[in-house]
Amino acid sequence: MQFDRKDKDDASLLALYKILLYPRMVEEKMLILLRQGRIGKWFSGIGQEAIAVGSTLAMQSDEYILPMHRNLGVFTSRNIPLKKLMAQWQGKISGFTKGRDRSFHFGTQDYKIIGMISHLGPQMALADGIALADLIANRKNATLVFTGEGATSEGDFHEAINVASVWNLPVIFLIENNGYGLSTPINEQFNCEHLVDRAIGYGIEGIQLNGNNILEVYDKISEVAKSIRKNPRPVLIECLTFRMRGHEEASGTKYVPQHLFDTWEQKDPVKNFEKFLLSENILNEDLIASIKSGFKSDIEQEVEAAFNEEEPIANNSTELDDMFAPHTYKETLPSENKTEKRYLDAITEGLREGMLHHDNLVIMGQDIAEYGGAFKITEGFVAQFGKARVRNTPICESAIVGAGLGLSINGYKAVVEMQFADFVTCGFNQIVNNLAKTHYRWGEKADVVVRMPTGAGTGAGPFHSQSNEAWFTKTPGLKVVYPAFPYDAKGLLIAAIEDPNPVIYFEHKYLYRSLSGLVPDGYYTIEIGKANVLKEGDQLSIITYGLGVHWALEYLNNHPEISATLVDLVSLQPWDKEAVAKAVKATGRVIILHEDTLSSGFGAELSAWISENCFEYLDAPVMRCASLDTAIPMSKVLEDSFLAKSRLKETVSKLLAF
Ligand SMILES: Cc1ncc(C[n+]2csc(CCOP(=O)(O)OP(=O)(O)O)c2C)c(N)n1
């Protein structure tokens, strides 16, 4: 292996050797601990250290790095004490996730490292958001994100690089090509000659490096980082290397031909660099031995100190609280001045107030800029707030939700518009695994609102009319709101933007232009988690939300002989248990009405809760009135018969007759 020291002095090369050697020695200790049965899983990066170490040293300490599961060298090169890492791996309370997540699945703002989730690829979009924040703030920083070659087959790889290219984001996408994705060799993973050639398709520069040569990695990435700080753009770097051990230690290496190990053993990054330094008289055998023995005793000490730490004490209320970033709701009262507005205009106004109030708020979505969005909610926003904060996106929901989290990590707020709530499926992973779990896992907020134009009533068929709120109410870590009136739509959107937690904001398309109401001018908030009691009666309660509220109102207005309490939940997560209990107690008979399909809809949760907590007040079983357990049909006739509204009358009669 050829090393070119350029102008590096002896002391720098010696320092580099130590930083490279240290993770190797930590790993060797891990292998011993594994054999002793003192630790469980371990994903080895032995043989790949030059990539993690060289690239980390090439970045400034205030620049974010997003590593993967074999990148111990990133963490050690940023000087995280081994004891702290070990405490993390062993699930101790002083670890980065306090025992809540394993291995390298954590982030830390102190060291500007954002760790992965198991799904691998989603990581890359976070780098986009982080870099976007730097770009908007004119900070002239670069961001470095890793991926294995295996994860380049995920859509997330494509989406993230494409967005970075279109937006000129200063991100280094670094592929560690180590020959295998678990047991699958590269010829069964992709069919191009070099992965780096993919850069051409994204219109960006691609560079292939010998990933086992620490000087080559360090020098080239330093050069690229310097260049993209000045002239922001993404660069794809493929580092060629080899996975010298099993996918994780328990899974073995039977499927890897021996000759590959033999070849790559010759290219060992640590041994080759050591040889080079010996030839330059920077190292000698005595010095190597003394460095190694110093590291060995440090490692022993730190490892044992972590083992000696107490296990976490389970406290369910702490666990529940930590799902969300702390947030004290500040009520901002509405002004006296009110204007008649459509539901859609109220949402626009809420968004506009959010943009005016928070100059770090960025909104992103397909066609939301000059075009104003599919429903024209953001019409005029580019003129008012500029292209940097009002961003058209390619069609890539996963990358954009991920970029939202990246923005949040780097000091911004994001509102992401789904063009239709149905398309959230393409961003689902980022919402339920990244946005929802980040605070619980490592204490970082996910300050992102996802706007969800939802619902049926317009004959738009199975992919433009679904009610999918139950996918999210089921997921701990998300707040879910669903306003039914213009007044609530505006104040709730403002509150959602203020809240540092992820909020899924459902807005019903059918109501956009069909419903108007008086909306206060200016900035005001509606507290998330509070229901509205729209009518008070004594025969039965209808508990509902969204379009269901209007179905119930229409029904009750047409049936003045029925004395009903009508509760509009407004928020589904958290939801107003007090208001529901009060309604149940007042009437003893309850219908839960929703547009979503019946089975496992949010009504099932409400019904179970009422049965468990208000049983003694019930005079009849809790009845659910929901849509048919089918996909949503397009034909108006079929859609009408699908929707819960068509069964409301019959459900009320059944309940009153019970
Ligand atoms: C979405 C997803 N599918 C499958 C897995 C299981 N898995 C974990 S790591 C891995 C191989 C990853 O290969 P690569 O990206 O090349 O990284 P390497 O492990 O080689 O460093 C697989 C299949 C996963 N974690 N996430």
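Residues numbered from 1 in each chain as written. Predicted model: local features only at pLDDT ≥ 70, side-chain atom pairs only at ≥ 80, totals over all residues. Heavy atoms only, no water.

### Points about helix α11 (residues 285-307)
So, point 1. The end-to-end C-alpha distance of α11 is 33 Å, a good match for the 33 Å that 23 residues give at a rise of 1.5 Å each.
So, point 2. Residues of α11 that are buried include every one of Ile288, Ile291, Phe295, Ile299, Val303, Ala306 and Phe307, and no others.
So, point 3. Next to the buried residues of α11 lie α1 (10-35), α4 (82-89) and α10 (269-279).
So, point 4. Between a side-chain oxygen at the N-terminus of α11 and the backbone nitrogen of aspartate 286 the separation is 3.1 Å; the capping residue is asparagine 284. (Helix = DSSP H or I, 4+ residues; strand = E, 2+ residues; numbered from the N terminus. Expected span 1.5 Å × (residues − 1). Buried < 20%, exposed > 50% of the residue type's maximum accessible area, 1.4 Å probe, protein only. Contact = heavy atoms within 4.5 Å. Polar contact = N/O pair within 3.5 Å; in protein donor to acceptor, adjacent residues only side chain to side chain.)

### Considering the pattern of salt bridges
So, point 1. Under the counting rule described, the total for this entry stands at 33 salt bridges.
So, point 2. Linking aspartate 219 and lysine 6 is a salt bridge whose minimum nitrogen-to-oxygen distance equals 3.6 Å. Of this pair, aspartate 219 sits in helix α8 (residues 214-230) while lysine 6 sits in the segment before α1, and the two are 213 residues apart along the sequence.
So, point 3. With a closest N to O distance of 2.7 Å, lysine 271 and glutamate 265 form a salt bridge.
So, point 4. One network of salt bridges, with partners in common, ties together Lys98, Arg100, Glu319 and Asp322. (Salt bridge = Lys/Arg side-chain N within 4 Å of Asp/Glu carboxyl O.)

### Some words on the sheet that holds strand β14 (residues 448-454)
So, point 1. Strand order in the open sheet formed by 7 strands is β12-β11-β13-β14-β16-β15-β21, and the pairing between neighbours is mixed. Edge positions in the open sheet fall to β12 (390-392) and β21 (571-573), since each of these has one partner strand only. Looking at each pair of strands side by side, their axes are set apart by 20° on average, direction ignored.
So, point 2. Here strand β15 (residues 479-481) pairs with strand β16 (residues 503-508) via 3 bridges, running parallel. Each residue of the ladder has a partner; that of valine 481, found in β16, is tyrosine 505. (Pairing = 2+ DSSP bridges. Axes fitted to C-alpha atoms, helices over the stretch in contact; angles between N-to-C directions.)

### Structural notes on the packing of helix α5 (residues 123-136) against helix α15 (residues 397-409)
So, point 1. Contact geometry for α5 and α15: axes closest at 6 Å, N-to-C directions at 50°. As far as their axial angle goes, α15 and α5 are oblique. Two packed elements cross with a definite hand, and for α5 against α15 that hand is right-handed. Residues Ala125, Leu126, Asp128, Gly129, Ile130, Leu132 and Ala133 of α5 lie in contact with α15, whose contacting residues are Ser398, Ala399, Gly402, Ala403, Leu405, Gly406, Leu407 and Ile409.
So, point 2. Its residues assigned to classes, the contact of α5 with α15 shows 10 nonpolar, 4 polar and 1 charged. (Parallel < 35°, antiparallel > 145°, perpendicular 65-115°, else oblique. Left-handed = near helix turned anticlockwise from the far one by under 90°. Nonpolar A, V, L, I, M, F, W, Y, C, P; charged D, E, K, R; others polar.)

### Considering the site of the ligand
So, point 1. Around the ligand sit 14 residues in total, of which His69, Arg70, Ser118, Gly150 and Tyr180 are the nearest.
So, point 2. Backbone polar atom of glycine 150 to an oxygen atom of the ligand: 2.7 Å apart, as the coordinates give it.
So, point 3. Between alanine 151 and the ligand, the recorded distance is 3.0 Å, taken from a backbone N or O atom to an oxygen atom.
So, point 4. In isolation the ligand exposes 580 Å². Once the protein is present, 70% of that is buried.
So, point 5. Considering only residue class, the shell around the ligand consists of 4 nonpolar, 8 polar and 2 charged. (Near = heavy atom within 4 Å. Areas by Shrake-Rupley, 256 points an atom, 1.4 Å probe, with all protein chains shown as cover.)

### A short note on the pairing of strand β8 (residues 205-210)
So, point 1. Sheet analysis places β8 next to strand β9 (residues 235-240), joined by 6 bridges and oriented parallel. Bridge assignment links leucine 209 to a residue of β9, and that residue is cysteine 239.
So, point 2. Taking the sense of rotation as the criterion, the β-α-β connection linking β8, α8 and β9 turns out right-handed. (Right-handed = clockwise from strand over helix to strand, strands pointing away.)

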